[in-house]
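Report on the structure
The residues making up each chain are set out below.
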Amino acid sequence: MISATASRHADDLYQALRDRRTVPPLIARDPSLTIDDAYAISLNILKRRVADGERVIGKKIGVTSKVVQDMLGVHQPDFGFLTDRMLVEGDIDIAAHGLIQPRAEAEIAFILGSDLNGSGITAADVLAATASIAPCFEIVDSRIDDWRIGIADTIADNASCGVFVLGEARADPREFDLSALRVTVDKNGAPLSEGYGSAVQGSPLQAVAWLANTLGAYGVTLDAGDVILSGSLVPLATVAAGDLFEMELHGIGRCAARFV
């Protein structure tokens, strides 16, 4: 059950999402807020979004790489849910998609072919359950003022997720050393950043295993057909209307995110 205090925080964050505005950090208002409380808030908001007609199509892990942890001041991973309204095909209309203070990050997306249930999930289990991988831009966003987040803030706020874009390419992960996969990112035609699969907990497989085990402790599974975002391989980059981000996951394919 969600506590009365956590329910108030859920009310605030849900309304901020719908109003396209930010709220003060939860942890500043409630220093006793725990990760379990934050997860209860996240689930409460998710129930409201589903009641509004959204459909869960995947999960995400965030803040997996040291460079992103250092940027945000959050030094452990977080996790959240993806819905069908968060998947963008075509240009990203910042206002229409309710984005407030978006940042772009290049990731490897996993498309699951079978379920991952329970605890004790390993990287080998993730590999066996994955139908394909794809290049992906996640556009993270925060309903917390000026990105002043702690771990409880970002978990409660659905792991600071905004929207995501999947590239068309699909590849069998068994054909690659995922830790060695290289991504390069251009912004408005100029090189911006590069990274490797090893940036996320040493391997994207290990990151997804962490997600499965962490969510499993709360009774949430990773399901066949789910899209799983495994964490950014590069530093987060701020975005504005008119920007074009392009990434290449070398040996696999490209993905683009154009903002209007």
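Residues numbered from 1 in each chain as written. Predicted model: local features only at pLDDT ≥ 70, side-chain atom pairs only at ≥ 80, totals over all residues. Heavy atoms only, no water.

**What about the sheet that holds strand β7 (residues 190–196)?**
Strand order in the open sheet made by the 4 strands is β7-β6-β10-β11, with antiparallel pairing throughout. Of all strands in the sheet, those with a lone pairing partner are β7 and β11 (253–258), marking the two edges. When the angles between neighbouring strand axes are averaged without regard to direction, this sheet yields 15°. Relative to β11, strand β10 (residues 244–249) runs antiparallel, the two being bridged by 6 bridges. Counted as the bridge partner of F245 is A257 from β11. (Pairing = 2+ DSSP bridges. Helix = DSSP H or I, 4+ residues; strand = E, 2+ residues; numbered from the N terminus. Axes fitted to C-alpha atoms, helices over the stretch in contact; angles between N-to-C directions.)

**Thoughts on unusual backbone geometry**
Located in the positive-phi region is R20, a residue other than glycine, with phi close to 60°. On the secondary structure map, R20 appears in the loop between α1 (4–19) and α2 (26–29). Although it is not a glycine, D146 sits at a positive phi angle of roughly 55°. With respect to the element layout, D146 can be found in the loop between β4 (130–140) and α6 (151–156).

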